[in-house]
Amino acid sequence: MTSRPDRRMVVAGIGALLGGLQPPASEAQPMNSSSELVLYNGRITTLDRQRPEAEAVAMRDGRFVAVGGEREVMASAGPDAKRVDLKGRRVIPGLIDSHMHIIRGGLNYNMELRWDGVRSLADAMRMLKEQVDRTPAPQWVRVIGGFTEHQFAEKRLPTLDEINAVAPDTPVFILHLYDRALLNAAALRAVGYTKDTPEFPGAEIVHDANGEPTGLLVAKPNATILYVTLAKGPKLPSPATTVRRLGLWTMVELP
């Protein structure tokens, strides 16, 4: 039986790639029963450095039983196996986010500048400058995740000198993934980091030749220093709210 690719079925099948693939079909251990699903005629990313791509995979009970060339994988399939012709399509592991920062996002959305999908560092720095110009003291400008230097045409992060140039007086905190944060001089003053600030366990406050903090914080590998520093920033004033209980319901009236 051969069918066209079904997205839900394919994603469910390839999700197990994240747990690691079995050896190629020629090396797979004998199975008591044959495969129940075969994906073939594709370009399958395995995440195996020794064999990063395969033409076909065979699965049974949610586990891979054969990975490799189409001929040997098809040979492992039983007569009743469902065969899916990928028609040369790329298959990648199913990536499923295990959690969402809904509450944090809601509380902080209006305090953050987003660089998601920005294609060049030049555009990102222009956005940063515009946000700095309209941010009143003592508020910070925060860029918290959602980006990587690899999305920029320049393939790099901004330098601390570049950040200080567009924001000499407004604190700026830029969080890159969970590995580092960039603080301009105004942010360093706001959080009070000096040459005498003790190091955080499993982290580093990078210093210059004179022992002064440069503004680069590095998780090595503990990211607590990034969260603790970010938490030092001021919050937006909360609007007055009126809460009324209506039986099992709660109604919140915003001004």
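Note that the structure is a prediction, hence the values are computed from the model and not measured. (Residues numbered from 1 in each chain as written. Predicted model: local features only at pLDDT ≥ 70, side-chain atom pairs only at ≥ 80, totals over all residues. Heavy atoms only, no water.)

K.L.:
Which residues make up the overall build of the chain, and what are the values?
P.N.:
In terms of helices and strands, the chain carries 7 helices and 15 strands. Pairs at least 24 apart in sequence give 59% of the contacts found in the chain among residues at least 6 apart. (Helix = DSSP H or I, 4+ residues; strand = E, 2+ residues; numbered from the N terminus. Contact = heavy atoms within 4.5 Å.)

K.L.:
For the environment of Leu107, give the residues involved together with the corresponding values.
P.N.:
Position of Leu107 among the secondary structure elements: in helix H3 (residues 102-108). For the pair formed by Leu107 and Leu236, sequence separation is 129 residues and the distance between their alpha carbons is 9.2 Å.

K.L.:
Kindly report on the pairing of strand S5 (residues 56-60), identifying the contributing residues and their values.
P.N.:
If a strand is regular, its side chains alternate between the two faces of the sheet. Burial runs high along S5: 4 of the 5 residues are buried. Bridge count between strand S2 (residues 35-40) and S5: 3 bridges; the pairing is antiparallel. The residue of S5 that forms the bridge with Leu37 is Met59. In the sheet, S5 pairs with strand S6 (residues 63-68) via 5 bridges, with the strands oriented antiparallel. Paired with Met59 across the two strands is Phe64, which belongs to S6. In sequence, S5 turns back onto S6 through a hairpin of 2 residues, with Asp61 there showing a positive phi of about 55 degrees. (Buried < 20%, exposed > 50% of the residue type's maximum accessible area, 1.4 Å probe, protein only. Pairing = 2+ DSSP bridges.)

K.L.:
Describe the sheet that holds strand S12 (residues 203-207), naming the residues involved and giving the relevant values.
P.N.:
Taken in spatial order, the 5 strands make up an open sheet running S9-S10-S11-S13-S12, and their pairing is mixed. Edge positions in the open sheet fall to strand S9 (141-144) and S12, since each of these has one partner strand only. Strand-to-strand, the axes of this sheet are offset by a mean angle of 15 degrees, without reference to chain direction. Note: strand S11 (residues 180-183) against strand S13 (residues 213-219), 3 bridges, orientation antiparallel. Of the residues in S13, the one forming a bridge with Arg180 is Val218. Packing of helix H4 (residues 121-134) onto the sheet brings it into contact with S9 and strand S10 (172-176), and relative to S9 it is tilted by some 145 degrees. (Axes fitted to C-alpha atoms, helices over the stretch in contact; angles between N-to-C directions.)

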